Amino acid sequence: MKVEEKGHTIIIKDTQGDLTSFLLKLDHDTSFSKHNLIIDLSSYKSLIVKDILLFSDFYKKHKKEKKSFVIVVSEFDFNANTKKIIVVPSVLEAHDIIEMEEIERDLGF
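The structure reproduced in this document is the subject of the present report. (Residues numbered from 1 in each chain as written. Predicted model: local features only at pLDDT ≥ 70, side-chain atom pairs only at ≥ 80, totals over all residues. Heavy atoms only, no water.)

## Looking at the pairing of strand β4 (residues 69-72)
Link 1 in the chain: Judged by which residues are buried, β4 turns out to be covered on both faces: Phe 69 and Ile 71 on one side and Val 70 and Val 72 on the other are all buried.
Link 2 in the chain: Inspection of the sheet shows strand β3 (residues 36-40) paired to β4 by four bridges, in the parallel sense. Within β4, the position partnered with Leu 37 by the bridge is Phe 69.
Link 3 in the chain: One ladder, built from three bridges, connects β4 with strand β5 (residues 86-88); its direction is parallel. What sits directly across from Ile 71, in β5, is Val 87. (Buried < 20%, exposed > 50% of the residue type's maximum accessible area, 1.4 Å probe, protein only. Helix = DSSP H or I, 4+ residues; strand = E, 2+ residues; numbered from the N terminus. Pairing = 2+ DSSP bridges.)

## Points about the sheet that holds strand β2 (residues 9-13)
Link 1 in the chain: Here five strands make up an open sheet; going across it, the order is β1-β2-β3-β4-β5 and the pairing mixed. What marks the edges here is a single partner per strand, and that holds for β1 (2-6) and β5. Shown here is a sheet whose adjacent strand axes are inclined to one another by a mean of 20 degrees, direction ignored.
Link 2 in the chain: When β1 meets β2, the two strands line up antiparallel, connected through five bridges. Note on β2: the bridge partner recorded for Glu 4 is Ile 11.
Link 3 in the chain: Sheet strands touched by helix α4 (residues 91-107): β1, β2, β3, β4 and β5. Its angle to β3, the strand with the most contacts, is close to 160 degrees. (Axes fitted to C-alpha atoms, helices over the stretch in contact; angles between N-to-C directions. Contact = heavy atoms within 4.5 Å.)

## Re helix α3 (residues 56-64)
Link 1 in the chain: All of the buried residues along α3 are Ser 56, Phe 58, Tyr 59 and His 62. One side of α3 carries all its buried residues, which in axial view fall inside an arc of 160 degrees. Relative to its buried face, α3 has exposed residues pointing more than 90 degrees away, namely Asp 57, Lys 60 and Lys 64.
Link 2 in the chain: In this fold, the buried residues of α3 make contact with α1 (19-28), β3, α2 (49-52), β4 and β5.
Link 3 in the chain: Of the residues trailing α3, Lys 66 is marked for its positive phi of about 60 degrees. (Arc of directions from axis to C-beta.)

## Considerations on a nonpolar patch on the surface
Link 1 in the chain: Judged by side-chain polarity, Ile 103, Leu 107 and Phe 109 come together as a nonpolar surface patch covering roughly 390 Å² of accessible area.
Link 2 in the chain: Structurally, Ile 103 is set in helix α4. (Patch = residues over 30% accessible without salt bridge, like charges linked within 9 Å, V, L, I, M, F, W, Y side chains within 5 Å. Areas by Shrake-Rupley, 256 points an atom, 1.4 Å probe, with all protein chains shown as cover. Salt bridge = Lys/Arg side-chain N within 4 Å of Asp/Glu carboxyl O.)

## Here's the deal with α1
Link 1 in the chain: Inspection of α1 places Leu 19, Ser 21, Phe 22, Leu 23 and Leu 26 among the buried residues, and these make up the whole buried set.
Link 2 in the chain: Residues of α1 that are buried in the fold lie against β2, β3, α2 and α3.

This is the structure:
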């Protein structure tokens, strides 16, 4: 797991290629709860909606803390995505989403 901090956002990239162990590591590390999170899964080639929904608990925790949570997956059927979790194809787009959500929170939406 590679962790990179950029301002008010933490980018977490899975380097092992094992989604189950990656989720366990995320679950045990509570230091990410006060930051906007970008989960970079761009190294995975065949993720489906069911895989993305495994992150539902993390998404709910971050929304409750008024923080953003975005998943980056380069190869994904974006039409099949549920509206619960934000999934984008690049880290740049993830930063853009977080920036927009920060503005919305500042304005009280």
